[in-house]
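Remarks on the overall topology
Listed below, chain by chain, are the residues.
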Amino acid sequence: MIQNPILPGFNPDPSICRVGNDYFIATSTFEWYPGVQIHKSNDLENWKLAGRPLDRAKQLDMRGNTDRGGVWAPCLSHADGWFWLVYTDVKRLDGNFKDAHNYVVTSASIDGPWSDPIYLSSHGFDPSLFHDDDGRRWYLVLQWNHISNSVGGKPKSSAFDGILLQEWSEKDGLIGRPKKIFSGSSLGLTEGPHLFKRNGWYYLTVAEGGTGYNHAVTMARSRSIDGPYQLHPETHLITAKDAPDWPLQRAGHGQIVETPDGQTYHTHLCSRPLPGRFSPMGRETALQKCTWKNDWLYLADDSPLPQVEVTAPGNVMPRPPQKLERVFNGTILPEEFQWLRTPYPDRLFSLTGSPLRLIGRESIGSWNEQALVARRQEHHTYRAETTLSSFDPDTYQQAAGLTTYYNRHKFHLLAVSRSEDLGRCLMLMSCPGDWPDGRMTFPAEFVRIGEGPIALAVTVDGARQQFQWRQQGKWQPAGPELDASVISDEG
């Protein structure tokens, strides 16, 4: 059996393709650098990170991008001996505009090198590239309507203004005028288009209902690539919107893939919320077994509800989670770690064969340069430890430590700093997401500490979080128990 999620911890918007016996999934990375995660598998159960292709300034520079901006909904495909990756760089979220720019990069190998980007459009976001069997390529993208709220006091349509289709070639770029081929179902918020062709039918799958608890995968089909598209008899192929207690929630946004022997699967994003509907692991990637009936696709058990266990195409042996220890004694950052926004990481940290060295820059709330190196939370319960081996701050304006972080409005931070009264000390800082201007709180009195190395730790169990520290002897609590649930999409 395949255990869902197959890519745990902040791996949303999965786009899947198969090349021979190998499968590849690309997922969104938002403001985290390098951009786009690509995982590889040969059995659909066990996945390994194959790379992050957007790794230089010509491809992606997100300095100044808002929280939750950056790389949205990439689409990965393979045709004519090349991998093709289209992606969005979203520069703005507030107000009416998104300023979403779409590009394509290519590579002969999933390992790269990946090309410099070719600009496509700024119609909207969630771009997709479809390679038809006649050799033509088609570009799909959501059209964003910034005048949707009202004009002259009269209500207008949704800002999600349908899916556009336009032919594209490397030589000529976008060809002709874009055509709106699909406006979505009554659920609305139609985005994330992907095309799949089978038995003379073009199948369009889209994400609908927003990325919250009304999310869904909606399907439509047409004999012609530019429509008209007829909705699926059940409208939604995958959704948990009508089952609030189902273990996999927020199911939507995915893509069809076929195995070499003709079995069909569909990826989708999902979350595993805590009670109260908080998703500290963000949106993750899951996979569902499907069947065809009357040239329509259905989940294997005839229910749109996403299953935690799914029949694999062959015999698989899941790999159990292992304790992971990193000593940062190489010259390359371990693969599970990323940083924020900038294509110039040498300004944030260095790896020289000795412990990771962070270079103080801007605050933990910065949208430009902050020296934060982080990895995903993959489990509801975990413990993380680190040793701060050398740091002697001169002032309270200098700090270094350990954080659980979602964005500039949602984090907890245990930091070594300095106060005028105590000297070198521990400061506990928290931004629990309920201040409109992102102001921090200080949940505990500062604690005097000695000179030299200090070990810092955090233990998370569901919605409970406790920082700890030690210099000699046993671990000691650092401040009170904190609310871990706010470090989440919904926090």
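Anything mentioned here points back to the structure above.
What comes next concerns the included structure. (Residues numbered from 1 in each chain as written. Predicted model: local features only at pLDDT ≥ 70, side-chain atom pairs only at ≥ 80, totals over all residues. Heavy atoms only, no water.)

**A few points about the overall build of the protein chain**
Scanning the protein chain for helices and strands turns up zero helices and 38 strands. Whereas a compact globule of 491 residues would reach a radius of gyration of roughly 23 Å, the protein chain reaches 23 Å, a difference of no more than 12%. Overall size of the protein chain, expressed as C-alpha extent along the three principal axes, is 75 × 55 × 45 Å. Partitioning the intrachain contacts of the protein chain with sequence separation of at least 6 by distance along the chain shows that 52% fall at a separation of at least 24. Of the roughly 21,800 Å² that the protein chain leaves accessible, carbon and sulfur atoms contribute 49%. Measuring between centres, the 49 positive side-chain charges of the protein chain sit 1 Å from its 56 negative side-chain charges. (Helix = DSSP H or I, 4+ residues; strand = E, 2+ residues; numbered from the N terminus. Rg over C-alpha atoms; globule rule 2.2 N^0.38 Å. Contact = heavy atoms within 4.5 Å. Areas by Shrake-Rupley, 256 points an atom, 1.4 Å probe, with all protein chains shown as cover. Lys, Arg positive; Asp, Glu negative; His and termini not counted. Charge placed at Lys NZ, Arg CZ, Asp CG, Glu CD.)

**Considering the environment of Gly212**
Assignment of secondary structure puts Gly212 in the loop between strand E18 (201-208) and strand E19 (216-222). On the basis of relative accessibility, which here comes to 26%, the residue Gly212 falls in the partly exposed class. (Buried < 20%, exposed > 50% of the residue type's maximum accessible area, 1.4 Å probe, protein only.)

**Here we look at the pairing of strand E35 (residues 454-461)**
Burial analysis of E35 places six of its eight residues in the buried class, which makes it a mostly covered element. Judged from the eight bridges that link them, strand E30 (residues 381-388) and E35 form a sheet pairing that is antiparallel. Paired with Thr387 across the two strands is Ala455, which belongs to E35. The pairing of E35 with strand E36 (residues 464-470) spans seven bridges and is antiparallel. Within the sheet, the bridge partner assigned to Thr459 lies in E36 and is Gln466. In sequence, E35 turns back onto E36 through a hairpin of two residues, with Gly462 there showing a positive phi of about 65 degrees. (Pairing = 2+ DSSP bridges.)

**What to know about the packing of aromatic side chains**
Per the stated rule, a full pass over the model turns up 20 aromatic pairs. Relative to Phe83, the ring of Phe24 lies with its centre 5.2 Å away and its plane at 80 degrees, an arrangement referred to as edge-to-face. Of this pair, Phe24 sits in strand E3 (residues 22-27) while Phe83 sits in strand E8 (residues 82-90), and the two are 59 residues apart along the sequence. A relative accessible area of 4% places Phe24 in the buried class. (Phe/Tyr/Trp six-rings, centres within 6.5 Å; stacked < 30°, edge-to-face > 60°.)

**Some details on the nonpolar core**
In this structure, Ile38, Leu54, Leu76, Leu85, Trp114 and Leu333 are the most contacted members of the largest nonpolar core, which totals 26 residues. Counting only elements with at least two residues in this core, the list comes to E3, strand E7 (70-79), E8 and strand E9 (100-107). With three residues, E8 is the single largest residue contributor to this core. Residues Ala100, Phe125, Trp138 and Leu142 belong to the second largest nonpolar core, which totals 25 residues. (Core = buried A, V, L, I, M, F, W, Y, C linked by side-chain atoms within 4.5 Å.)

**Points about the pattern of salt bridges**
Here the idea is simple: oppositely charged side chains can pair when their charged atoms come close. Enumeration according to the criterion identifies 30 salt bridges in this entry. Measuring nitrogen to oxygen at the nearest pair gives 3.1 Å for the salt bridge that ties Asp133 to Lys197. Here Lys197 lies in strand E17 (residues 191-198) and Asp133 lies in the loop between strand E11 (128-131) and strand E12 (137-144), a separation of 64 residues in the sequence. You can call Asp133 exposed: its relative accessible area is 63%. Here the salt bridges share partners, and the residues they tie into one network are Asp55, Arg56, Lys58 and Asp116. (Salt bridge = Lys/Arg side-chain N within 4 Å of Asp/Glu carboxyl O.)

**A look at the sheet that holds strand E20 (residues 230-239)**
Ordered in space as E17-E18-E19-E20, the four strands form an open sheet in which the pairing is antiparallel. The open sheet terminates on both sides in strands that have one partner only, identified here as E17 and E20. Taking the axes of each pair of neighbouring strands and ignoring which way they run, one obtains an average angle of 25 degrees across the sheet. The pairing of E17 with E18 spans six bridges and is classified as antiparallel. (Axes fitted to C-alpha atoms, helices over the stretch in contact; angles between N-to-C directions.)

**Side note on the side chain of Asp43**
Along the chain, Asp43 falls in the loop between strand E5 (37-41) and strand E6 (48-51). By relative accessible area, Asp43 is classed as buried at 15%. Of the polar contacts made by the side chain of Asp43, one reaches the backbone nitrogen of Glu45; its length is 2.9 Å. Of the polar contacts made by the side chain of Asp43, one reaches the backbone nitrogen of Asn46; its length is 2.9 Å. In this structure, Asp43 is in contact with Pro313 and Val316, ignoring residues within four places of it in sequence. (Polar contact = N/O pair within 3.5 Å; in protein donor to acceptor, adjacent residues only side chain to side chain.)

**Description of the state of the cysteines**
This model, assessed by the stated rule, comprises zero disulfides. Unpaired in this structure, Cys270 has its nearest cysteine sulfur neighbour in Cys290, at a distance of 15 Å. For Cys270, a relative accessible area of 0% translates into the label buried. This cysteine, Cys431, is not joined by any disulfide, and Cys425 carries the nearest cysteine sulfur, 20 Å off. (Disulfide = S-S within 2.5 Å.)

**As for the sheet that holds E11**
Read from one edge of the open sheet, four strands run E11-E12-E15-E16, paired in antiparallel fashion. The strands lining the two open edges of the sheet, one partner per strand, are E11 and strand E16 (173-182). The average undirected angle you get between the axes of adjacent strands in this sheet is 30 degrees. Taken together, the six bridges between strand E15 (residues 160-169) and E16 define a ladder with antiparallel strand orientation. What sits directly across from Leu165, in E16, is Lys179.

**Comments concerning the side chain of Glu167**
With respect to the element layout, Glu167 can be found in strand E15. Residues within four places of Glu167 in sequence aside, it is in contact with Arg136, Arg137, Trp138, Gly173, Leu174 and Ile175.

**Things to note about unusual backbone geometry**
In this chain, Tyr33 is followed by Pro34 through a cis amide linkage whose omega measures -5 degrees. Tracing the backbone shows Pro34 in the loop between strand E4 (32-33) and E5. For the bond from Gly227 to Pro228, the omega torsion is 5 degrees, close enough to zero to count as cis. Structurally, Pro228 is set in the loop between E19 and E20. In this structure, Asp13 takes a positive phi of about 60 degrees despite not being glycine. Among the structural elements, Asp13 can be located in the loop between strand E1 (2-3) and strand E2 (15-19). With a phi close to 50 degrees, Asn199 is a non-glycine residue in the positive phi region. By secondary structure assignment, the location of Asn199 is in the loop between E17 and E18. The exposed category is assigned to Asn199, whose relative accessible area is 52%.

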